[in-house]
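Each chain, letter by letter, is given below.
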Amino acid sequence: MPVLRIKGGTPLRGEIYASGAKNAVLPMTAASVLINGRVTLTNCPRIADAETSAEIIKALGGCAEFDKNMLTIDCSGLNLTRIPQRLCEKMRSSITFCGPLLARFGCVGFYEPGGCVLGKRPIDLHIKGFKAMGAEVIEERGKITLKGSLKGVKINLPFPSVGATQSLMAAACLAKGTTVITNPSKEPETLALADFLNLCGGKISFYENKVEIEGVNRLHSAQARVIPDRIEAATYLCAAAATKGEITIKGITISELGIIGDVLKKTGCILTEEHNAVFLKAPQRLNAVDGLTTAPYPGFPTDLQPQICALLSLAQGKSVVTETVFEARNRHIPELIKTGAEITEKNRSFIINGVNSLKGAKLTAFDLRGGAALVIAALAAEGTSEIHNPHHIFRGYEGLIQKITSLGGNIEIL
Ligand code: EPZ
């Protein structure tokens, strides 16, 4: 099994490009099923999950081909509506194919989605929404089938679920009548999906606390550019901060980083922007940050919680990070402690007493962002670390080894 070997202690310096956003390209690829024609996505990250999305489209009889960072999709020949179980189980985002397939073909068959184990991760909000839109739901031995023609309804989400908003919003584009989803996800990736669907002829409008989707008869071909990956970019900024380095990330702005930029400044990092690029210079010693709580957008993103825990392990003083989105996004904590981090868990809060340095260790990645946190710790640690199960990390970080190497990091895959 491959292992990442990282020799830490070198400040990261130089410049890299932000890749296209994993959590934007996945729902856009799934929504392409709605279009009986060609869709071209540019700035598409070449990551495992994007390849899996393309595989799902091909398994259903459509075409999906990469040419470097351009993904060309054509679902006009798509003629199957049951997503193979092994593909459902490869990633959480398989669930966002359900709405588009149901809306276009009147039926869809699928299985519980896989992906990062961060707690229960049910799909009840998706199912409830489809039922409200008129779908019949049949569940047997893990296989779920949705059938029916969809009509516009009012749906209230008790939690602004990213996936449920995206799936229901896409399905509503072809429903009869207007759908209103209250308390929707407002993540940039969800708004990017709405922009893409509107480019294809959809009629989606976001308001203060709702999104309205007016159903249309058909959607048409389009070309769209995938927005930059704010979580990928922030991960490298945390790595630069942890190694006392200074880097530039091209293709993203400070405003696209949102609250992440504010938190990095609180740790003492200098963060500036020039010509669609963000520059970060680390302080000699990081400040602790007390009372950091993850929340749906525009709150601090849960997808950066493991990485910020790694960073704050080296801060001066005590930090408290609280995870409110997932009930078990904590498997990186024992691994960080192996590098010498001093972290205790209390309910869903991590109390981090900063240390002067970390030491290399033998580590295991259990999920995508937890694995990224271990990379940060290993790059900052004195000595050599091994990270087992790196496939989790490759799901969401295009060119990870090349990017870190180009910044002067000592990383190789064995
Ligand atoms: C998306 O997952 C992202 N994945 C996740 O990123 C991200 O952490 C998450 O949104 C929150 O921002 C993709 O976009 C592919 P949710 P999703 O539905 O859609 C509960 C990464 O590292 N919930 O907003 O699954 C759920 O259990 C990944 O890139 C229900 O209870 O997130 C969780 O506690 C990890 N019922 C909370 O809502 C449902 O039907 C947030 O889930 C759906 C969700």
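These remarks concern the structure in this document. (Residues numbered from 1 in each chain as written. Predicted model: local features only at pLDDT ≥ 70, side-chain atom pairs only at ≥ 80, totals over all residues. Heavy atoms only, no water.)

### Focus: the sheet that holds strand β21 (residues 362-364)
Step number 1: Pairing is mixed in the open sheet, where four strands are placed in the order β21-β22-β1-β23. The open sheet terminates on both sides in strands that have one partner only, identified here as β21 and β23 (410-413). Sheet twist, expressed as the average angle between the axes of neighbouring strands with direction ignored, equals 20 degrees.
Step number 2: The pairing of β21 with strand β22 (residues 384-388) spans three bridges and is classified as parallel. Residue Lys362 lies in a different strand from β22, and its bridge partner there is Glu386. (Pairing = 2+ DSSP bridges. Helix = DSSP H or I, 4+ residues; strand = E, 2+ residues; numbered from the N terminus. Axes fitted to C-alpha atoms, helices over the stretch in contact; angles between N-to-C directions.)

### A look at the sheet that holds strand β19 (residues 342-346)
Step number 1: A sheet is described by the order of its strands in space; here four strands give the open sequence β17-β18-β20-β19, paired in mixed fashion. Since the sheet does not close on itself, it has two edges, and those belong to β17 (292-293) and β19, each with one partner.
Step number 2: Bridging between β17 and strand β18 (residues 318-322) involves two bridges; their strand directions are parallel. Each bridged residue has a counterpart across the sheet, and for Thr293 the counterpart in β18 is Thr322.
Step number 3: Here helix α11 (residues 305-312) sits on the sheet and contacts β17, β18 and β20 (349-353); the angle it forms with β18, its principal contact strand, is near 170 degrees. (Contact = heavy atoms within 4.5 Å.)

### Here's the deal with the environment of Arg92
Step number 1: Inspection of the secondary structure assignment puts Arg92 in the loop between α3 (85-88) and α4 (98-105).
Step number 2: When the C-alpha atoms of Arg92 and Asn23 are compared, they prove to be 11 Å apart, with 69 residues separating the residues in sequence.
Step number 3: Setting aside anything within four residues of it in sequence, one finds Arg92 in contact with Pro113, Gly114, Gly115, Arg121, Pro122, Ile123 and His126.
Step number 4: Polar side-chain contacts of Arg92 include one of 2.7 Å to the backbone oxygen of Arg121. (Polar contact = N/O pair within 3.5 Å; in protein donor to acceptor, adjacent residues only side chain to side chain.)

### Observations concerning the nonpolar core
Step number 1: Among the nonpolar cores identified, the biggest contains 73 residues, and Leu34, Leu41, Phe110, Phe196, Leu197 and Leu219 are the most heavily contacted of them.
Step number 2: Formed by 71 residues, the second largest nonpolar core is a distinct cluster that contains Tyr236, Val263, Ile393 and Leu400. (Core = buried A, V, L, I, M, F, W, Y, C linked by side-chain atoms within 4.5 Å. Buried < 20%, exposed > 50% of the residue type's maximum accessible area, 1.4 Å probe, protein only.)

### Considering helix α7 (residues 188-199)
Step number 1: With twelve residues, α7 ought to run about 16 Å at 1.5 Å a step, and its terminal C-alpha atoms sit 16 Å apart, in line with that.
Step number 2: Among the residues of α7, Pro188, Glu189, Thr190, Ala192, Leu193, Ala194, Phe196 and Leu197 are the ones counted as buried.
Step number 3: Lining the buried residues of α7 we find α1 (22-31), β3 (38-42), α6 (162-172), β11 (203-206), β13 (222-225) and α8 (230-242). (Expected span 1.5 Å × (residues − 1).)

### Description of unusual backbone geometry
Step number 1: In the segment running from Tyr297 into Pro298, the intervening peptide bond is cis, with an omega of 10 degrees.
Step number 2: Within the element layout of this structure, Pro298 appears in the loop between β17 and α11.
Step number 3: The phi dihedral of Lys68 falls on the positive side, at around 55 degrees, and the residue is not glycine.
Step number 4: Within the fold, Lys68 resides in the loop between β4 (63-67) and β5 (70-74).
Step number 5: Note on Lys68: relative accessible area 65%, which makes it exposed.

### With respect to the packing of aromatic side chains
Step number 1: Under the counting rule described, the total for this entry stands at one aromatic pair.
Step number 2: A ring pair is formed by Tyr236 and Tyr397, whose centres lie 6.4 Å apart and whose planes are at 85 degrees; its orientation type is edge-to-face. Of this pair, Tyr236 sits in helix α8 while Tyr397 sits in the loop between α14 (391-394) and α15 (400-406), placing them 161 residues apart in sequence.
Step number 3: The ring of Tyr207 has Lys210 sitting right over it, with the charged end atom 5.3 Å from the ring centre.
Step number 4: When the ring centre of Phe366 is taken as reference, the NZ or CZ atom of Arg331 above it lies at 3.9 Å. (Phe/Tyr/Trp six-rings, centres within 6.5 Å; stacked < 30°, edge-to-face > 60°. Lys NZ or Arg CZ within 6 Å of the ring centre and 35° of its normal.)

### Description of the layout of surface pockets
Step number 1: By volume, the largest pocket amounts to about 1,100 Å³.
Step number 2: Lining the largest pocket are 43 residues, with Arg92, Arg121, Val162, Gly163 and Phe326 sitting closest to its centre.
Step number 3: Taken together, the elements giving at least two residues each to the lining of the largest pocket come down to α1, α5 (124-132), α6, α8 and α13 (368-380).
Step number 4: For the lining of the largest pocket, the residue count by class is 19 nonpolar, nine polar and 15 charged.
Step number 5: In this model, the second largest pocket occupies a volume close to 270 Å³.
Step number 6: When grouped by side-chain class, the residues that make up the lining of the second largest pocket number nine nonpolar, seven polar and three charged. (1 Å grid on protein atoms, 1.4 Å probe; cavity = no way out; pocket = protein on both sides within 12 Å on 5 of 7 lines; lining within 4 Å. Points joined across faces, edges and corners; volume = space filled by probe spheres on them. Nonpolar A, V, L, I, M, F, W, Y, C, P; charged D, E, K, R; others polar.)

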